[in-house]
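Residue strings, one per chain:
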Amino acid sequence: MADVRKYQAKTITEALAMVRADLGRDAVILQTRKVNKKVLGVWGREMVEVWASDNPDLESLRRPQPARTTVSVEPPSREQSSRIEQLENEIQNLKAMIAQLARQGVAVVPSNAPAEPSTPNRWLSLLTQAEVEEAIARELLSSVPEETLSEPALQSLIADRLVTAGPIALEGGQPKVVMLVGPTGVGKTTTIAKLAAQYALLQRKRVGLITIDTYRIAAVEQLRTYSQIIDVPIRVVYSSTELPAAVREFANMDVVFVDTAGRSQRNTMQIGELKACCERLKECEVHLVLSCTTKTRDLYDVVERFSVLPLHRVIWTKLDESTTFGNMLNVAVKHPLPISYVTTGQRVPEDVEVAEANKLASLVVGGAPSLTPVAASAV
Ligand SMILES: Nc1nc2c(ncn2[C@@H]2O[C@H](COP(=O)(O)OP(=O)(O)OP(=O)(O)O)[C@@H](O)[C@H]2O)c(=O)[nH]1
Ligand SMILES: [Mg+2]
């Protein structure tokens, strides 16, 4: 019959010495564990418990996991015993220290613990969700460490890139000629009507309108109707050669708005015609009208193709129809043209505002617009 015995001692060294003394040098250690020995029904000090047998074939009593450990129970030398005890004390001290640190709220992570999976940069995902191109977002964020960045700080980083131009500056003496160009249907004619109304009715400036969009009868009629409502004169021009004469007719005006036909950026001939118009005018401020609802790649294409013209400003339209505004930042970074106005709806003349970098940056960061109709003083 196998002899299985339990030994308890303060240290493993003592327990093993007891095993050897009792069962001899071929004793088999079946299990070791730490136990809290109860003294008079209460938890006492921690003890080491060793189960051992003198029968080396006692497989059935073995716990499943531990490999069979045959301990050659040589009594440890005095030196080894004291070293083992010293190590045990050190372990106890370390345990106490860790418990103390944990109580003080210090995170105790072993240095070889697997690193936390890095959380994605929240600012980068905010910007890419706003449809800021990833490369532009990364470049923007590279100057500030993620943890020190805040939403207002990000907004101001973006605002720095959204250069604005302020309202059209009227020079005394001669009329300021402002031409709006851009792709089809972005809101050129409507924006001219809004600006003409603002300058004529609210600022009491002398305003003239010229249209060279004679490709569609409806286009001429559209601007003529606005000119009648606002009560400002209009000239219709059929070729670039007639343009200087039309401008001369408005020599006594403060500002002259020139409406042009929407041009596909893909049609080089049409863009060439616009170029000819610009070249006919000595002084002309050209505003490229872009819609916020156009995707970034198409906007790049538009700006590049229209860049054969002397572009001075950008007007962003249809902010009310867009949910993300990263494309404004993308274009501003790739083609830094000052932004003059933004438009926020179909109402003439209310839905136009002088572009403000901070406001636009807040749209990029925060999404969908909450723009209020333009105040009279804004233009
Ligand atoms: N929601 C919204 N619609 C706008 C805005 N600006 C213009 N629109 C509308 O967009 C449509 C086209 O506007 P137009 O002013 O005719 O555009 P255009 O650039 O002159 O068009 P083409 O001359 O054909 O190239 C009209 O229905 C306008 O009312 C805006 O800021 N927001
Ligand atoms: Mg038009």
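Quick summary incoming for the structure in this document.

Observations concerning the overall build of the protein chain
- Check the secondary structure of the protein chain and you find 12 helices and 12 strands.
- The buried share of the protein chain, reckoned over its 379 residues, is 42%.
- Taking the contacts inside the protein chain whose residues are at least 6 apart along the sequence as the reference set, 72% of them involve residues at least 24 apart.
- Here the protein chain has roughly 20,700 Å² of accessible surface; of this, 52% comes from carbon and sulfur atoms.

Points about the packing of helix α10 (residues 296-306) against helix α11 (residues 326-334)
- One way to put it is that α10 packs onto α11 with a least axis distance of 10 Å and a crossing angle of 35°. Viewed along their axes, α10 and α11 form a crossing whose handedness is right-handed. In this structure, α10 contributes Thr 296, Leu 299, Tyr 300 and Val 303 to the contact, and α11 contributes Asn 327, Asn 330, Val 331 and Lys 334.
- Along the lines of polarity and charge, the residues of the contact of α10 with α11 split into four nonpolar, three polar and one charged.

Some details on the site of ligand 1
- Close to ligand 1 lie 19 residues, the nearest being Gly 187, Lys 188, Thr 190, Asp 320 and Thr 343.
- In this structure, Thr 190 approaches ligand 1 through a side-chain N or O atom, which is 2.4 Å from an oxygen atom.
- At 2.7 Å from a nitrogen atom of ligand 1 is found a side-chain nitrogen or oxygen belonging to Asp 320.
- For the shell around ligand 1, the element with the most residues is helix α6 (residues 188-202), which contributes four residues.

Some remarks on the nonpolar core
- In terms of nonpolar packing, the biggest core is built from 64 residues, with Leu 154, Ile 158 and Trp 316 touching the most fellow members.
- Considering each element in turn, this core owes the most residues, six residues, to helix α12 (residues 357-366).
- Those residues in contact with Ile 158 that sit more than four places away from it in its chain are Leu 127, Leu 140, Leu 329, Ala 361, Val 364 and Val 365.
- Of all hydrophobic cores here, the second largest spans 25 residues; its members include Ala 200, Leu 209, Val 232 and Val 255.

Here's the deal with the pairing of strand β5 (residues 176-181)
- Taking burial as the measure, the six residues of β5 include six buried ones, the bulk of the element.
- Bridge analysis of β5 against strand β9 (residues 285-291) gives four bridges, and the strand direction is parallel. Directly across from Val 181, in β9, lies its bridge partner Leu 288.

Some thoughts on the sheet that holds β9
- One open sheet holds the eight strands; their spatial order is β7-β6-β8-β5-β9-β10-β11-β12, and the pairing between them is mixed. Because the sheet does not close on itself, it has two edges, and the strands there are β7 (234-236) and β12 (352-354). Within the sheet, the average angular offset between the axes of one strand and its neighbour, ignoring direction, is 25°.
- In the sheet, strand β11 (residues 339-343) pairs with β12 via three bridges, with the strands oriented antiparallel. Along β12, the bridge assignment pairs Val 342 with Glu 353.

Considering the layout of surface pockets
- Taken as a whole, the largest pocket encloses approximately 340 Å³ of empty space.
- Taken together, 15 residues make up the lining of the largest pocket; nearest its centre are Gln 174, Val 177, Val 247, Lys 282 and Glu 283.
- Here the lining of the largest pocket takes three residues from helix α8 (residues 243-249), the largest share from any one element.
- Residue classes in the lining of the largest pocket are distributed as seven nonpolar, one polar and seven charged.

Overview of the pattern of salt bridges
- Under the defined criterion, the tally for this structure stands at 17 salt bridges.
- Across the pair Lys 334 and Glu 133 runs a salt bridge, and its minimum N-O distance is 3.7 Å. Of this pair, Lys 334 sits in helix α11 while Glu 133 sits in the loop between α3 (122-129) and α4 (134-141), and the two are 201 residues apart along the sequence.
- The class of Lys 334 is partly exposed, set by a relative accessible area of 45%.
- In this structure, Arg 224 engages Glu 221 in a salt bridge whose closest nitrogen and oxygen atoms are separated by 3.7 Å. Pair noted here: Arg 224 and Glu 221 are both in helix α7 (residues 217-230), with a separation of three residues, about one helical turn.
- Within this structure, Glu 171, Lys 176, Glu 285 and Arg 313 form a network of salt bridges that share partners.

Here is what the cut-offs are and how they apply
Residues numbered from 1 in each chain as written. Chains lettered and ligands numbered in written order. Predicted model: local features only at pLDDT ≥ 70, side-chain atom pairs only at ≥ 80, totals over all residues. Heavy atoms only, no water. Helix = DSSP H or I, 4+ residues; strand = E, 2+ residues; numbered from the N terminus. Buried < 20%, exposed > 50% of the residue type's maximum accessible area, 1.4 Å probe, protein only. Contact = heavy atoms within 4.5 Å. Areas by Shrake-Rupley, 256 points an atom, 1.4 Å probe, with all protein chains shown as cover. Axes fitted to C-alpha atoms, helices over the stretch in contact; angles between N-to-C directions. Left-handed = near helix turned anticlockwise from the far one by under 90°. Nonpolar A, V, L, I, M, F, W, Y, C, P; charged D, E, K, R; others polar. Near = heavy atom within 4 Å. Polar contact = N/O pair within 3.5 Å; in protein donor to acceptor, adjacent residues only side chain to side chain. Core = buried A, V, L, I, M, F, W, Y, C linked by side-chain atoms within 4.5 Å. Pairing = 2+ DSSP bridges. 1 Å grid on protein atoms, 1.4 Å probe; cavity = no way out; pocket = protein on both sides within 12 Å on 5 of 7 lines; lining within 4 Å. Points joined across faces, edges and corners; volume = space filled by probe spheres on them. Salt bridge = Lys/Arg side-chain N within 4 Å of Asp/Glu carboxyl O.

Note that all results are geometric; they support no functional claim without further evidence.
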